[in-house]
Amino acid sequence: MSPPKVVGEVQAPTSVVGPPQSVAITRDESIALVTASSKLDPADPKRLVPDNKVTVIDLKSSPPAVLATLEAGLGANGVSINRAGTLALVANRSEGTVSVFSIAGKTVTPAGKVQLGDAKSGPSHIAFTPDGKRALVTARRRPQGLRALDRRHESRARQA
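Residues numbered from 1 in each chain as written. Predicted model: local features only at pLDDT ≥ 70, side-chain atom pairs only at ≥ 80, totals over all residues. Heavy atoms only, no water.

1. A word on the pairing of strand E9 (residues 123-128)
Successive side chains on a regular strand alternate, one facing one side of the sheet and the next facing the other. In terms of strand pairing, E9 meets strand E10 (residues 134-139) through five bridges, oriented antiparallel. Residue proline 123 lies in a different strand from E10, and its bridge partner there is alanine 139. Between E9 and E10, which pair antiparallel one after the other, the connecting turn spans five residues, and glycine 132 there sits at a positive phi close to 75 degrees. (Pairing = 2+ DSSP bridges. Helix = DSSP H or I, 4+ residues; strand = E, 2+ residues; numbered from the N terminus.)

2. Points about the sheet that holds strand E1 (residues 23-25)
The four strands lie next to each other as E1-E2-E3-E4, forming an open sheet whose pairing is antiparallel. The open sheet terminates on both sides in strands that have one partner only, identified here as E1 and strand E4 (65-71). Across the sheet, the axes of successive neighbouring strands diverge by a mean angle of 30 degrees, strand direction being ignored. For strand E3 (residues 44-58) and E4, the ladder comprises six bridges, and the chain directions are antiparallel. Looking at the pairing, threonine 55 lines up with threonine 69 of E4. (Axes fitted to C-alpha atoms, helices over the stretch in contact; angles between N-to-C directions.)

3. Here's the deal with a nonpolar patch on the surface
Nonpolar side chains collect at one region of the surface, where Val23, Ile25 and Leu59 lie side by side and expose about 240 Å² of accessible area between them. Relative to the helices and strands, valine 23 is located in strand E1. (Patch = residues over 30% accessible without salt bridge, like charges linked within 9 Å, V, L, I, M, F, W, Y side chains within 5 Å. Areas by Shrake-Rupley, 256 points an atom, 1.4 Å probe, with all protein chains shown as cover. Salt bridge = Lys/Arg side-chain N within 4 Å of Asp/Glu carboxyl O.)

4. Observations concerning the environment of alanine 65
Here alanine 65 is to be found in strand E4. With relative accessibility at 32%, the residue alanine 65 sits in the partly exposed group. In this structure, the C-alpha to C-alpha distance between alanine 65 and glutamine 11, residues 54 residues apart in sequence, is 8.5 Å. Ignoring anything within four residues of it in the chain, the contact list for alanine 65 reads Val10, Val56, Ile57 and Asp58. (Buried < 20%, exposed > 50% of the residue type's maximum accessible area, 1.4 Å probe, protein only. Contact = heavy atoms within 4.5 Å.)

5. Brief notes about the nonpolar core
Counting 15 residues, the largest nonpolar core has Leu33, Val90, Phe101 and Val108 as the members making the most contacts within it. Those elements that place two or more of their residues in this core are strand E2 (31-41), E3, strand E5 (76-81), strand E6 (87-92) and strand E7 (97-104). If one sorts the elements of this core by residue count, E5 sits on top with three residues. In contact with phenylalanine 101, other than residues within four places in its own chain, are Val54, Leu70, Glu71, Ala72, Thr86, Leu87, Ala88, Val90, Val108, Thr109, Pro110 and Ala111. With 10 residues, the next largest nonpolar core counts Leu89, Leu116, Phe128 and Val137 among its residues. (Core = buried A, V, L, I, M, F, W, Y, C linked by side-chain atoms within 4.5 Å.)

6. Things to note about the environment of glycine 96
With respect to the element layout, glycine 96 can be found in the loop between E6 and E7. With 43 residues separating them in the primary sequence, glycine 96 and alanine 139 have C-alpha atoms 8.9 Å apart. The residues contacting glycine 96, other than those within four sequence positions of it, are Val114, Gln115, Leu116, Gly117, Asp118, Ala119, Ser121 and Pro123.

7. Section: the side chain of threonine 97
Mapped onto the secondary structure, threonine 97 falls in strand E7. The exposure class assigned to threonine 97 is buried, which follows from its relative accessible area of 4%. There is a polar contact of 2.7 Å between the side chain of threonine 97 and the side chain of glutamate 95. Those residues in contact with threonine 97 that sit more than four places away from it in its chain are Val90, Ala91, Asn92, Lys113, Val114, Gln115, Leu116 and Pro123. (Polar contact = N/O pair within 3.5 Å; in protein donor to acceptor, adjacent residues only side chain to side chain.)

Everything listed here is a matter of coordinates, which is why it stays silent on function.
So this is what it looks like as structure tokens:
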């Protein structure tokens, strides 16, 4: 289809310093996950604080609609969905964790967190390997490099 056209607009929590930090779409294009990494501090609207929102969007409805807003970890940033569309991982930049979500159809459910380092380790994005057995997580602070997560969500350091 050329040129692209806007088919809908969805209101979802996003970073206050710009657009969503990350969007992932299931392979069957039924849902999208959108992260919100920061928000204005309710106690001081001039200050930014980490946010933890992941919005689930139904892409099959017309127009697209929000199905749910879930909580990940502080600084919810990069999000990826495995090829099977059954697992999503969110890199939580402000707490050094990765949130795990199970996916069944259009239902997304929190399934725990994997600790990668301290709050300053700053995991920022995540990508699954093609076979879906592992995911690689980028970090912005020491220890720098990549971390590999296997299917059992065990972390192993990989230097870039």
